[in-house]
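Structural overview for review
Chain by chain, the residues run as shown.
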Amino acid sequence: MQSPGEKVLFLDVRDPVEIMFIGFTDAVDLNIPFQMVNRSRFNEEKRVFAMEMNENFVAEVDAALEAKGLDRNALIITMCRSGSARGKPSADYLLERGFSNVKYVDHGFQGDSAKEGGQKGMRVVNGWQNSGMPWSSKINPEKIYRP
């Protein structure tokens with residue numbers, strides 16, 4: 001990511017409320033959620049709120065590229081909490097819509113859960129946050145998504 005320099009658009013695709021509670025890295029250019037929590041729809045079986053597609057995702061990515069003087073051929077890197085729930089799907093979604101060079105951060109921002117030991121079940125394995133990469137509990141107000 002560091003070698004192409006300004007020819008990269010690095011996006012945090014998590015819901016901004018999730019970022020508020022888990023952490024943020026100022027290394028991203030912007031937070032553009034791929035999906036957002038709908039608190040009016042609760043899944044009783046899974047005990048979670050529904051996640052719904054951000055209908056403006058592609059248009060907002062296009063606008064972010066344009067603001068950096070880039071086009072749909074530029075490298076775009078997406079990052080979610082774990083890499084699999086929104087990071088990879090958001091990268092695939094952009095590729096399916098005409099963006100040519102999209103990758104995602106494997107294991108995402110927070111990483112995987114420990115399978116055993118005193119921290120079993122906690123997200124303390126790999127990921128951005130657990131790999132010594134820069135992050136903070138504070139959000140950069142200039143980069144966080146505000147509809």
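Scroll up a little and you will see the structure.
Notes on the structure follow. (Residues numbered from 1 in each chain as written. Predicted model: local features only at pLDDT ≥ 70, side-chain atom pairs only at ≥ 80, totals over all residues. Heavy atoms only, no water.)

Counted under the stated rule, the structure contains 8 salt bridges. Between E18 and R86 there is a salt bridge, with the nearest N and O atoms lying 2.7 Å from each other. With E18 in helix α1 (residues 16-22) and R86 in the loop between β5 (75-79) and α3 (87-96), this pair connects stretches of sequence that are 68 residues apart. For E18, a relative accessible area of 16% corresponds to the buried category. With a shortest N-O distance of 2.9 Å, K88 and D92 are connected by a salt bridge. On the criterion of helical spacing, the pair formed by K88 and D92 is a turn pair, its members being 4 residues apart in helix α3. Among the residues examined, K88 registers a relative accessible area of 37% and is labelled partly exposed. Judged by relative accessible area, D92 falls into the partly exposed class, the value being 28%. (Salt bridge = Lys/Arg side-chain N within 4 Å of Asp/Glu carboxyl O. Helix = DSSP H or I, 4+ residues; strand = E, 2+ residues; numbered from the N terminus. Buried < 20%, exposed > 50% of the residue type's maximum accessible area, 1.4 Å probe, protein only.)

In this structure, D12 sits in strand β1 (residues 8-12). Residues D12 and R123 lie 111 residues apart in sequence; the distance between their C-alpha atoms is 18 Å. Apart from residues no more than four positions distant in its own chain, D12 is found in contact with I19, F24, V28, L30, N31, I32, P33 and M79. In terms of polar contacts, D12 uses its side chain to reach the side chain of R14, at 2.7 Å. (Contact = heavy atoms within 4.5 Å. Polar contact = N/O pair within 3.5 Å; in protein donor to acceptor, adjacent residues only side chain to side chain.)

Scanning the model with the defined rule gives 6 aromatic pairs in all. For the ring pair F34 and F57, a centre distance of 5.2 Å and an interplane angle of 70 degrees mean the geometry is edge-to-face. One end of the pair, F34, is in the loop between β2 (30-31) and β3 (35-43); the other, F57, is in helix α2 (residues 57-67), and 23 residues separate them in sequence. What makes F34 buried here is its relative accessible area of 5%. Measuring from centroid to centroid gives 5.1 Å for F42 and F49, while their planes differ by 75 degrees, and the two rings are edge-to-face. Exposure remark for F49: the relative accessible area of 39% places this residue in the partly exposed category. We note R14 situated over the ring of F109; from NZ or CZ to the ring centre the distance is 4.4 Å. The ring of F99 carries the charged tip of R72 above its face, separated from the ring centre by 4.1 Å. (Phe/Tyr/Trp six-rings, centres within 6.5 Å; stacked < 30°, edge-to-face > 60°. Lys NZ or Arg CZ within 6 Å of the ring centre and 35° of its normal.)

Turning next to the sheet that holds strand β6 (residues 102-104). Reading across the sheet, the 4 strands line up as β2-β1-β5-β6 and stay open at both edges, with parallel pairing between neighbours. Strands at the two margins of the open sheet, each flanked by one partner only, are β2 and β6. Taken together, the 3 bridges between β5 and β6 define a ladder with parallel strand orientation. Residue T78 lies in a different strand from β6, and its bridge partner there is Y104. (Pairing = 2+ DSSP bridges.)

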